[in-house]
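Structure assessment
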Amino acid sequence: MNGWGQARNLLCVRLDTLGDVLMTGPAMRALKESLPGSRITLMTSPQGAAVVPLMAGVDETIIYEAPWMKATPPGAGGEKEDAMASGLRARRFDAAVIFTVYSQSPLPAAFLCHLAGIPLRLA
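First things first, this report covers the structure right here in the doc.

1. Thoughts on the nonpolar core
L11, V13, M43 and L88 are the most contacted members of the largest nonpolar core, which totals 20 residues. Mapped onto this core, the elements with two or more residues apiece are strand 1 (9-14), helix 3 (79-91), strand 4 (95-98) and helix 4 (107-115). The dominant element in this core, judged by the number of residues it contributes, is helix 4, at four residues. Discounting chain neighbours no more than four positions away, the residues touching M43 are L11, C12, V13, R14, L15, I62, Y64, M84, L88 and L112. Counting residues in hydrophobic clusters, the runner-up holds 17 residues, among them C12, M28, V97 and L120.

As structure tokens, then:
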């Protein structure tokens, strides 16, 4: 795969709550329309996942309670993150698009995608 124009297996990351995930819907729909034949997987929080059945363009959902999000209880050791990176790697995503708001850093999610071997990352 050479670049974004050839990406077909896309991971979108929006780890916030229901309203934030809903607001990301038009951007994910635009991605899917601009890359014919693409598949969109959304990685989101348990709260955000509640709205996914109402969203056109999302083919699959991965529920993840990211330790760097403020509503997530702290964890220790990093085993959960290692397991998520391995699971993402097994899905062989071509690209990841990370959605955040101005007060959040996209760096932790981008690093997770890097560890998963996702070659193209946009935040």
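That covers the picture; the talk isn't over yet.
2. Let's talk about the sheet that holds strand 1
The strand order 3-2-1-4-5 describes an open sheet built from five strands, whose pairing is parallel. Across the chains shown, the open sheet's two edge strands, defined by having one partner strand only, are strand 3 (60-63) and strand 5 (120-122). Going across the sheet, the axis of each strand differs from the next one's by a mean of 20 degrees, ignoring polarity. Here four bridges tie strand 1 to strand 4, and the two strands are oriented parallel to one another. When the bridges of strand 4 are listed, V13 appears paired with I98. Helix 4 rests against strand 1, strand 2 (39-44), strand 4 and strand 5 of the sheet, and its axis sits at about 170 degrees to strand 4.

3. Some details on the pairing of strand 2
In terms of residue burial, strand 2 counts as a mostly covered element, since five of its six residues are buried. With six bridges connecting them, strand 1 and strand 2 associate as parallel partners. Paired with R14 across the strands is T44, a residue of strand 2. On the question of chirality, the crossover connecting strand 1 to the parallel strand 2 by way of helix 1 (residues 18-34) is right-handed. Where strand 2 lies against strand 3, four bridges are found, and the strand directions are parallel. From the neighbouring strand, L42 faces strand 3, where its bridge partner is T61.

4. Here we look at the pattern of salt bridges
Applying the stated criterion across every chain yields a total of five salt bridges. Linking D16 and R14 is a salt bridge whose minimum nitrogen-to-oxygen distance equals 2.6 Å. Taken as a pair, D16 and R14 share a single burial class, namely buried. The salt bridge involving K32 is made with D59; its shortest N-O contact spans 2.5 Å. On the criterion of sequence distance, the pair formed by K32 in helix 1 and D59 in the loop between helix 2 (46-49) and strand 3 is long-range, its members being 27 residues apart. Salt bridges sharing partners connect three or more residues here, namely R14, D16 and D20.

5. Remarks on the side chain of S45
With respect to the element layout, S45 can be found in the loop between strand 2 and helix 2. Looking at S45, its side chain comes within polar contact range of the main-chain oxygen of D16, at 2.5 Å. A polar contact of 2.9 Å, which involves the side chain of S45, links it to the backbone nitrogen of G48. Filtering out sequence-adjacent residues up to four positions away, S45 remains in contact with R14, L15, D16, T17, I63 and Y64.

Cut-off values and rules
Residues numbered from 1 in each chain as written. Predicted model: local features only at pLDDT ≥ 70, side-chain atom pairs only at ≥ 80, totals over all residues. Heavy atoms only, no water. Core = buried A, V, L, I, M, F, W, Y, C linked by side-chain atoms within 4.5 Å. Buried < 20%, exposed > 50% of the residue type's maximum accessible area, 1.4 Å probe, protein only. Helix = DSSP H or I, 4+ residues; strand = E, 2+ residues; numbered from the N terminus. Contact = heavy atoms within 4.5 Å. Pairing = 2+ DSSP bridges. Axes fitted to C-alpha atoms, helices over the stretch in contact; angles between N-to-C directions. Right-handed = clockwise from strand over helix to strand, strands pointing away. Salt bridge = Lys/Arg side-chain N within 4 Å of Asp/Glu carboxyl O. Polar contact = N/O pair within 3.5 Å; in protein donor to acceptor, adjacent residues only side chain to side chain.

Geometric values such as these leave the question of function open.
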